[in-house]
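Inside the fold
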Amino acid sequence: NISDPGQEVVYRELEPFVATIRQQHDDIIKSAQMRQEFTANVSHELKTPLTAISGYAELIEHGMADAENSKRFAGEIHKNSVRLLSLINDIIQLSQLDGGKNHSEYADIDLYKLAAECVDMLKMNARKQNVTMKLCGKPCTVYADRQLMEELLYNLCDNAIRYNNRGGSVTVTVDEKDGHVFLSIRDTGIGIPTEHQDRVFERFYRVDKSRSKATGGTGLGLAIVKHIVAQHGASISLESQAGKGTEIRVEFSDALKQQMEERAENA
Ligand code: ADP
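Computed from a predicted structure; not experimentally measured. (Residues numbered from 1 in each chain as written. Predicted model: local features only at pLDDT ≥ 70, side-chain atom pairs only at ≥ 80, totals over all residues. Heavy atoms only, no water.)

1. Here's the deal with the overall build of the chain
Helix and strand counts for the chain come out as eight helices and seven strands. By the compact-globule yardstick of 18 Å for 267 residues, the chain is too spread out, its C-alpha radius of gyration being 24 Å. Each of the three principal axes of the chain carries a C-alpha extent, and together these read 90 × 50 × 45 Å. Looking at the chain residue by residue over its 267 residues, the buried ones come to 33%. Taking the intrachain contacts of the chain between residues at least 6 apart in sequence as the baseline, contacts between residues at least 24 apart amount to 73%. On the chain, roughly 16,600 Å² of surface is accessible, and the fraction owed to carbon and sulfur atoms is 51%. The average position of the 32 basic charges and that of the 39 acidic charges among the side chains of the chain differ by 7 Å. (Helix = DSSP H or I, 4+ residues; strand = E, 2+ residues; numbered from the N terminus. Rg over C-alpha atoms; globule rule 2.2 N^0.38 Å. Buried < 20%, exposed > 50% of the residue type's maximum accessible area, 1.4 Å probe, protein only. Contact = heavy atoms within 4.5 Å. Areas by Shrake-Rupley, 256 points an atom, 1.4 Å probe, with all protein chains shown as cover. Lys, Arg positive; Asp, Glu negative; His and termini not counted. Charge placed at Lys NZ, Arg CZ, Asp CG, Glu CD.)

2. Let's talk about helix α4 (residues 146-162)
For α4, built from 17 residues, the straight-helix expectation of 24 Å at 1.5 Å per residue is met to within 8% by its first-to-last C-alpha distance of 24 Å. Of all 17 residues in α4, 12 are buried; the element is thus mostly enclosed. Those residues of α4 that sit buried are L148, M149, L152, L153, N155, L156, C157, D158, N159, A160, I161 and R162. With a side-chain oxygen lying 3.2 Å from the backbone nitrogen of Q147, the N-terminal cap of α4 falls on D145. (Expected span 1.5 Å × (residues − 1). Polar contact = N/O pair within 3.5 Å; in protein donor to acceptor, adjacent residues only side chain to side chain.)

3. A short note on the site of the ligand
Close contacts around the ligand come from 20 residues, with R162, Y163, S212, T218 and G219 the closest. A distance of 2.8 Å separates an oxygen atom of the ligand from a polar atom in the backbone of L222. Placement of the ligand is best described as lying within the largest pocket. Examining the composition of the shell around the ligand, we find that three residues originate from one element, α4, more than from any other. (Near = heavy atom within 4 Å. 1 Å grid on protein atoms, 1.4 Å probe; cavity = no way out; pocket = protein on both sides within 12 Å on 5 of 7 lines; lining within 4 Å. Sits in = over half its atoms within 2 Å of the grid points.)

Right, here's the structure in full:
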């Protein structure tokens, strides 16, 4: 309650600034909370395989493993080391993307060709699960970092295989519509229930933790994909029906190339 009309004018003029500062304050608090949550999650995720490795190694060290058991224990140590390594790789990748510290090299690349290489690479994995993979569309050029595009394709195709059913299929499409290149990865797998769809791009968010872990998931794949998409000025959308399947679509725009060209001209 301001009784002085002069003061009221000043307050009214200050109001937008106060609102901006309040918003910035809220954003800082939120990002600090998210960072804290991420650190807690990372510690937990790293601790689980490390505890297993140390436990099995200790049993062997104390001579508590006969010939048969030592083979099993060594297998567990190997499995958990692989898990630890993929977690660390994903955490490093995410932190580089997050801090803008990755050394991206942008160029015109044929996304269709890259998708064909990815499908070839993952065909064996798919066959093991009796899942068929197919590539549709045509050669399309995008302005992007090759390594990050490979990562994006790999993560999305790998998910489409891992969350599929035996006898299911994965269709990868690279095409152009209204002058925009798009990539679609469609599977006939288990799908994502509506209430989880908004959250699967969050770090360590999994619909079914045990399935993710059993199939070698780290819970960071889609968070990495989201960062790569943002860095390329592209957009991502997800359509899914539980029990029917999922389609993830990435749409590229010319914005990034234009931005880079403008920056080069001004330099
Ligand atoms: P993860 O390593 O657990 O696969 P991601 O970040 O790649 O982590 O995905 C997050 C979660 O989203 C997964 O744990 C899974 O529950 C769900 N998910 C991702 N892709 C698919 C898909 N194609 N079909 C069904 N569920 C999916």
